[in-house]
Amino acid sequence: MADKDTTSFMRSLCMGQIEQDVLFPFPALSADQKATLHEITGAIDDLLSPRAEDFRRWDVAGEMPADFIEELSQFGLFGLVIPEAYEGMGLGSMAYSRTLQEVGRHDATVAVTIGAHSSIGMRGLLLFGTEEQKQRYLPDLATGERIAAFCLTEAGAGSDAAAIKTSAVKQDDHWLLNGSKLWITNGGIANFFTVFARTAPEDGRGKMTAFIVTGEMEGVSVGPHEDKMGLRANPTTTVLLDDVKVPLENVLGEPGKGFKVAMKILNSGRTGLGGGSIGGMKRLIGLATRQANERKTFGEPISSYGLIKEKVGRMVIDCYTSEAVVTMVGGLIDAGYEEYAVEAAISKVYATECLWRTADEALQIAGGNGFMREYPYERIVRDCRINRIFEGSNEILRLFIALTAMNDVACQLRELAATMKGVFNDPSKGFGVLSDYGRKHARLRTGLGGASKLENLHEAIQPQADLFETETRYLAQATDRILRKHGKNIIGKQFATKRLAEIMIDLFVLASTLSRVQNSIEANGVEAASREIDILRVFTREARVRMKQNFRRIDNNDDELLKALADDAFEAERYRWDTI
Ligand SMILES: Cc1cc2nc3c(=O)[nH]c(=O)nc-3n(C[C@H](O)[C@H](O)[C@H](O)COP(=O)(O)OP(=O)(O)OC[C@H]3O[C@@H](n4cnc5c(N)ncnc54)[C@H](O)[C@@H]3O)c2cc1C
């Protein structure tokens, strides 16, 4: 059995090891949990369905009325992940994600308002809060009496979060905070802020510290509601901290450990954004299929044309596979796995990009109507564009996914070097470790490990399982090869790093989908699962082509030419050519 404290499916995979029991069986909710979720999602439908026209008006006006936020509070939507002991609903990650899916099916702005509160705004309190802090704030956060916001970004610190300048200076019985946080979702309605500030060296080694700041504290103020491309009704604002006295007991986690706190919050909250993305895709598939059935050109409904079927077929595959991945990550968190950051990052990148493709293609199916504000498509496109930028941009997450894996392999290589030294001093002592490493390494180099197989899958999906095993061996070899080629310089080799990340994304989506389809076959039989098997087949075939291309281009590519073209453009700061 996998050790839940240390095992990460993807990190093991990069060393050629398939930890099957982590992903199989596909995670499922209990019958009781399912019944509760049915009640919740039904009630959400009743609450939000009549509001479709309001959501459209609020987007144009760029505001969400206070009485609607009060309705969300009354419903309990701000208490979804807060334990029942603190007056919340106590949903686990899978159930939370499924609930946000339902909200996201109606309106992305409402989903983000609830998500910013639960996934990131007060998640630090859940993960790192003391009992006293929890008692003090969680009940009000559960009822919506307090709404939470996550305050990390600053004008000079977005992706490079460690560059924040907001300062926290320790004085007698409090910390004095000064700084300005940018683009804070819920800023205009929040009165509970998880704020990250730089502490002076003597107070926490000059690193980042997380604080609970409340709206009542003197010196806290917010700027105007930003005029945004999408999610326009959410009050996104700056949050200003001017000589704010924060009590010593409001530190979240340990002083100086704020960066870890921020990363853990973002990792843990990713199933919320994933759930919202799936809700968006389900809505778009409904809209696009109705539109395609109704619209006739050349005497036939456009749903009869191959080019439209191709788009809708892909939407279905994107939605099913995203749901597999996001549910899988929720399941890992609920099962108590500690090392799920890489898998969570993959789920965020994958689901947000599937939603983006789906929204774009649904708008295309609607033709000119799709461009009109009267129809919902353009708003959905505007609303979902931010998903690829916030909560870790998809570029930064791709680097994180691949570099984490390469770091693990590099540690193995260092271990080997260290072991070799020991072996010369005392050969008998080193032998076990060395032969173990040797076996593992032989597997990396030759792909002949043998132990890493997917076992007991239904024969209907065996070809896809076989492909997964083969590509896993190539992945382990490629990780090893890239690392040997670039060594420490890998940090600057983003083309190679991105290729590795793309392969890892395809493999995790494939593994999660295999698990989901296997589960469906076991539960309903191969006949009933035939459409799901088709989804798996098409995804696998296309993923194989992508992976082959990515493997090939690691060594044979135009990276240097592309870089030269970009550098040339950066130098000129314009396009150089013209036809006149
Ligand atoms: C609507 C909205 C809501 C937001 N809500 C919140 C919130 O509630 N709380 C909060 O703290 N923040 C929030 N943010 C901020 C958001 O998290 C940041 O915008 C995001 O982290 C990206 O930072 P940046 O905008 O400074 O872009 P930059 O960091 O300047 O990046 C610009 C581009 O360069 C890429 N890039 C950067 N560094 C690298 C690199 N090393 N290698 C390759 N590519 C790189 C990025 O991927 C991006 O494409 C919000 C932003 C928006 C627009």
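This report concerns the structure included in the present document. (Residues numbered from 1 in each chain as written. Predicted model: local features only at pLDDT ≥ 70, side-chain atom pairs only at ≥ 80, totals over all residues. Heavy atoms only, no water.)

Let us now look at the pairing of strand S3 (residues 174–184). A regular strand places its side chains so that they alternate between the two faces of the sheet. Examined bridge by bridge, strand S2 (residues 167–171) and S3 share five bridges and lie antiparallel to one another. Bridge assignment links Val 169 to a residue of S3, and that residue is Leu 176. Between the end of S2 and the start of S3, which pair antiparallel, lie two residues. Where S3 and strand S7 (residues 237–247) come together, eight bridges link them in antiparallel fashion. Pairing of Lys 181 across the sheet is with Val 239, part of S7. (Pairing = 2+ DSSP bridges. Helix = DSSP H or I, 4+ residues; strand = E, 2+ residues; numbered from the N terminus.)

Looking at the ligand, there are 17 residues lining it, with Phe 150, Thr 153, Ser 159, Ser 393 and Glu 395 nearest. Trp 183 is positioned such that a nitrogen or oxygen atom in its backbone is 2.9 Å from a nitrogen atom of the ligand. About the coverage of the ligand: the protein hides 67% of its 970 Å² of free accessible area. Sorting the residues of the shell around the ligand by element identifies S3 and helix H17 (394–425) as the ones contributing at least two each. (Near = heavy atom within 4 Å. Polar contact = N/O pair within 3.5 Å; in protein donor to acceptor, adjacent residues only side chain to side chain. Areas by Shrake-Rupley, 256 points an atom, 1.4 Å probe, with all protein chains shown as cover.)

Attention now goes to the side chain of Thr 7. Positionally, Thr 7 belongs in the segment before helix H1 (9–13). For Thr 7, a relative accessible area of 9% translates into the label buried. Only 2.8 Å separates the side chain of Thr 7 from the backbone oxygen of Asp 3, close enough to count as a polar contact. (Buried < 20%, exposed > 50% of the residue type's maximum accessible area, 1.4 Å probe, protein only.)

Another aspect to go through is the side chain of Thr 209. As for its position among the elements, Thr 209 is in strand S5 (residues 208–214). The exposure class assigned to Thr 209 is buried, which follows from its relative accessible area of 0%. A polar contact of 3.1 Å, which involves the side chain of Thr 209, links it to the side chain of Thr 199. Among the polar contacts listed, one links the side chain of Thr 209 to the backbone nitrogen of Gly 256, at a separation of 2.8 Å. Leave out the neighbours within four places in its chain, and Thr 209 touches Val 195, Phe 196, Ala 197, Thr 199, Val 251, Pro 255, Gly 256 and Gly 258. (Contact = heavy atoms within 4.5 Å.)

Buried residues dominate S5, accounting for seven of its seven residues. Residue alternation in S5 divides its side chains into two sets, Met 208, Ala 210, Ile 212 and Thr 214 and Thr 209, Phe 211 and Val 213, and both sets are buried. As paired strands, strand S4 (residues 192–199) and S5 are joined by seven bridges and run antiparallel to one another. Considered in S5, the bridge of Phe 193 is made with Val 213. Pairing of S5 with strand S8 (residues 251–252), which is carried by two bridges, proceeds in the antiparallel orientation. Each residue of the ladder has a partner; that of Ala 210, found in S8, is Leu 252.

What follows covers the nonpolar core. Counting residues in each nonpolar core, the largest one holds 95 residues, and the members touching the most others are Phe 9, Phe 468 and Leu 514. The biggest single contributor to this core is helix H20 (residues 494–524), with 14 residues. In contact with Leu 514, other than residues within four places in its own chain, are Phe 24, Leu 454, Leu 457, Ile 461, Gln 464, Ala 465, Phe 468 and Leu 536. (Core = buried A, V, L, I, M, F, W, Y, C linked by side-chain atoms within 4.5 Å.)

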